[in-house]
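Structure assessment
Spelled out from the first residue to the last, the chains are:
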Amino acid sequence: MKKTAFSILFDLSEGLTFRDVQSPQEFRNGETAEVVCAVIGSLVPVVTWYYQGEEITEEHHSKFTVLPNNNLQIRQVTKADEDVYRCKARGENPFVDIAVVVNVPPVLSVLQQYLNAIADQESVTFNCMTTGSPEPVVTWHRKGRELEPSEQYNIRLDGGRSMLTLRNIRQVDGGSYTCKATNKAGSQEREIILKVFVQPHITQLKNVTAAEGSAAMISCVAEGEPLPDISWRRASNGQTFVDGDKSQDRRFKVRGRHGKSVLTISGVRLKDLGRFDCAALSRIGGHRKSMFLDIEYIPKFLTNQTIYYSWEGNPVNISCEVMSNPPATMLWRRERLTISVEGTANTRVYSADGKSVLEVTPMSDRDFGRYNCTARNNIGVRYQEFILAQAAESLSSGLGLVVGLGLGALLLLPVLVGLSCFFLRHCGVLTTSSKGKDREEGKAAYRGVVGAALTNTGFWVDEDTVGLPPPGFAPRCGAGAQQGAASGQVPSQCGLKSEPELTSGPSAEKVNRDTLGFVIASEKKLKCVCSGPIDFKSPSSLPVF
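The paragraphs below set out a description of the structure included in this document. (Residues numbered from 1 in each chain as written. Predicted model: local features only at pLDDT ≥ 70, side-chain atom pairs only at ≥ 80, totals over all residues. Heavy atoms only, no water.)

1. Focus on the overall build of the protein
The secondary structure content of the protein amounts to 2 helices and 39 strands. Going through the 545 residues of the protein one by one, you find that 43% of them count as buried. Across the protein, every contact between residues at least 6 apart in sequence was considered, and the portion connecting residues at least 24 apart equals 63%. For the protein, the accessible area works out to roughly 29,200 Å², and carbon and sulfur atoms hold 49% of it. (Helix = DSSP H or I, 4+ residues; strand = E, 2+ residues; numbered from the N terminus. Buried < 20%, exposed > 50% of the residue type's maximum accessible area, 1.4 Å probe, protein only. Contact = heavy atoms within 4.5 Å. Areas by Shrake-Rupley, 256 points an atom, 1.4 Å probe, with all protein chains shown as cover.)

So, in structure tokens, the structure goes:
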């Protein structure tokens with residue numbers, strides 16, 4: 001209602017005047033109201049008040065009192081007292097009507113004072129109910145700042161209800177929100193508390209590299225509301241660890257606090273290499289991440305063979321193979337001098353991941369001896385020594401040459417009868433079509449050789465053993481060794497095969513003083529025997545039938 005101020009001047013015989021009477025006049029609900037009606041005149045005026053057409057008297061209206069200054073007092077004014085009151089000078093016709101307005105302070109109520117929400121998953125709406133007169137203006141506040149409508153905050157009014165909707169909730173949005181209602185009679189506030197729960201999220205988990213034998217520390221950091229519990233799982237065997245756990249060998253232990261867990265592995269071993277899973281769990285949800293533990297270690301040699309045999313002009317490959325992490329740099333040395341990767345007149349170096357092959361073509365006795373393979377990475381350096389030994393050969397009077405043939409047909413080469421055997425650096429292996437008893441007798445004789453009971457009965461070779469003997473086979477017949485033939489016939493084919501080196505024990509002595517025999521196989525079932533003292537220089541194994 002619009003408030004106006006006016007003066008009414010009446011020229012009465014007594015000179016009564018209404019001065020600066022305001023209408024409406026506003027009061028706060030519950031207070032004592034004094035409605036002002038100022039009358040001025042030469043004589044002391046007498047004022048009468050009327051309410052709803054009736055004169056106000058203390059007998060009928062105990063709530064009202066006409067004060068000595070002619071103002072009307074209303075005790076504990078309420079909204080029910082809101083009306084138009086008439087002020088009239090007694091005995092005179094002049095009067096003035098005054099509107100009384102009662103303002104009621106806002107009254108606030110909230111439907112729910114405590115609310116929960118999960119970050120990044122949902123929105124939440126606060127409701128605030130309000131009454132008052134005049135109608136209150138409702139505003140929302142956070143941390144002393146009035147909130148304005150935005151992409152995050154949506155504010156709506158529906159009668160006496162004000163609604164604040166929060167979207168895109170984050171953990172920082174948790175806390176206190178204030179609903180405030182204001183009008184002429186005053187203001188009122190109510191607080192609403194938002195609790196924001198956050199799904200567990202692992203914020204830090206990195207791959208770790210540790211040296212063999214050292215300690216590895218793997219850290220997993222997670223956040224969330226409430227703070228999640230952190231556990232570990234070893235992917236290789238499914239073993240799990242939580243805070244305070246230790247493995248049976250006491251190498252694995254876990255310590256955690258305030259969203260951080262550290263898995264410590266003491267005395268790291270190669271078998272510890274692999275994936276580890278970190279899990280962060282709370283009543284809101286869970287999050288898992290994986291890391292990889294890499295183990296660095298000094299080069300380890302995989303090569304078993306360290307002695308190689310060759311002779312002048314015959315190339316031989318010396319193989320050096322390692323496993324290491326990080327990959328090793330490999331080089332060859334000879335008498336403290338590094339062999340160039342580009343090679344020399346009689347050496348070449350071939351390299352691949354974890355393997356280096358030194359090809360040596362001996363040109364003189366000086367090329368035989370010790371060769372050193374060096375493997376180095378940032379963890380350390382290792383050395384392995386190889387020996388290139390000179391294989392022996394013997395030439396007696398006369399020459400007999402036997403060459404290996406392919407499966408299917410035998411190629412007959414000329415042989416000289418009556419000459420001693422000549423063992424070549426490379427001997428071919430013949431095939432046979434012999435069957436039955438002759439074949440089985442030959443096999444039995446071979447087994448006898450394998451058992452170190454070597455006689456001049458020889459070896460048996462058949463289609464299953466076609467090929468060249470391993471490099472380094474260079475047996476030699478002693479002086480006076482003779483070649484003979486069964487039934488006095490000249491053999492049409494002769495196969496030569498050598499026996500492995502026997503270095504100690506009775507068997508070695510037996511071999512050294514016995515004779516070496518070779519079985520030749522042909523359709524005529526002939527035998528070629530080389531008899532005489534023998535020497536063995538090869539470490540390779542005989543094939544077993």
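2. Some thoughts on the packing of aromatic side chains
In the structure shown here, the tally under the stated rule is 9 aromatic pairs. One aromatic cluster is present, formed by Tyr-51, Phe-64 and Tyr-85 through successive ring pairs. The residue whose ring lies beneath Arg-86 is Phe-95, and the NZ or CZ to ring-centre distance is 3.9 Å. It is Arg-334 that lies over the ring of Tyr-371; its NZ or CZ is 4.7 Å from the centre. (Phe/Tyr/Trp six-rings, centres within 6.5 Å; stacked < 30°, edge-to-face > 60°. Lys NZ or Arg CZ within 6 Å of the ring centre and 35° of its normal.)

3. As for the state of the cysteines
Taken as a whole and judged by the stated rule, the model has 4 disulfides. The disulfide that involves Cys-37 links it to Cys-87, with 1.9 Å between the sulfurs. Between Cys-37 and Cys-87, the disulfide has an S-S torsion of -90° and is therefore left-handed. Separated by 50 residues along the polypeptide, Cys-37 in the loop between β4 (33-35) and β5 (39-40) and Cys-87 in strand β10 (residues 83-89) bring together distant segments of the chain. A sulfur-sulfur separation of 1.9 Å characterises the disulfide bridge that pairs Cys-220 with Cys-278. Every disulfide takes its handedness from the sign of the S-S torsion; for Cys-220 and Cys-278 that torsion is -85°, giving left-handed. (Disulfide = S-S within 2.5 Å.)

4. Brief notes about the pairing of strand β13 (residues 124-133)
Pairing geometry for strand β11 (residues 95-110) and β13, over 5 bridges, is antiparallel. Of the residues in β13, the one forming a bridge with Val-104 is Ser-133. (Pairing = 2+ DSSP bridges.)

5. Topic: the pattern of salt bridges
The final tally for this structure, using the stated rule, is 14 salt bridges. For Glu-26, the salt bridge goes to Lys-184, with nearest N and O atoms at 3.4 Å. Highlighted residues: Glu-26 in strand β3 (residues 25-28) and Lys-184 in the loop between β18 (175-183) and β19 (186-205), separated in sequence by 158 residues. Residue classification places Lys-184 among the exposed positions, given a relative accessible area of 60%. We note a salt bridge from Asp-277 to Arg-275, for which the minimum N-O separation is 2.9 Å. Overall, Asp-277 belongs to the buried group, its relative accessible area being 12%. Because the salt bridges share partners, they merge into one network encompassing Arg-234, Asp-249, Arg-251 and Asp-272. (Salt bridge = Lys/Arg side-chain N within 4 Å of Asp/Glu carboxyl O.)

6. Digging into a positive patch on the surface
Positive charge collects at one region of the surface, where Lys-246, Arg-250, Lys-253 and Arg-255 lie side by side. Of note, Arg-255 is situated in strand β24 (residues 252-257). Taking relative accessible area as the criterion, Arg-255 reaches 46% and is therefore assigned partly exposed. (Patch = residues over 30% accessible without salt bridge, like charges linked within 9 Å, V, L, I, M, F, W, Y side chains within 5 Å. Lys, Arg positive; Asp, Glu negative; His and termini not counted. Charge placed at Lys NZ, Arg CZ, Asp CG, Glu CD.)

7. A look at the nonpolar core
In this structure, Phe-18, Val-35, Cys-37, Trp-49, Leu-72, Ile-74 and Tyr-85 are the most contacted members of the largest nonpolar core, which totals 23 residues. The element contributing the most residues to this core is β11, with 4 residues. In this structure, Trp-232, Phe-252, Ala-280 and Met-291 belong to the second largest nonpolar core, which totals 22 residues. (Core = buried A, V, L, I, M, F, W, Y, C linked by side-chain atoms within 4.5 Å.)

8. Description of the sheet that holds strand β28 (residues 307-310)
Reading across from one edge, β28-β35-β34-β30-β31 is the order of the 5 strands in this open sheet, with mixed pairing throughout. A strand with exactly one partner marks an edge of an open sheet, and here the two such strands are β28 and β31 (337-339). Neighbouring strand axes in the sheet, compared pairwise and without regard to direction, differ in orientation by 35° on average. Examined bridge by bridge, strand β30 (residues 329-334) and β31 share 3 bridges and lie antiparallel to one another. If you follow Arg-334 over to β31, its bridge partner there is Leu-337. (Axes fitted to C-alpha atoms, helices over the stretch in contact; angles between N-to-C directions.)

9. Concerning unusual backbone geometry
Residue Pro-134 follows Ser-133 across a cis peptide bond; omega there is -5°. Topologically, Pro-134 is positioned in the loop between β13 and β14 (137-142). Cis geometry marks the peptide bond from Asn-325 to Pro-326; its omega dihedral reads 0°. Counting through the fold element by element, Pro-326 comes out in the loop between β29 (316-325) and β30. The phi dihedral of Asp-20 falls on the positive side, at around 50°, and the residue is not glycine. Residue placement: Asp-20 occurs in strand β2 (residues 17-23). Of the residues examined, Asp-20 reaches a relative accessible area of 53% and is grouped as exposed. Positive phi, normally seen in glycine, also occurs at Glu-335, with a value near 55°. Among the structural elements, Glu-335 can be located in the loop between β30 and β31.

Keep in mind these numbers describe shape, not what the thing actually does.
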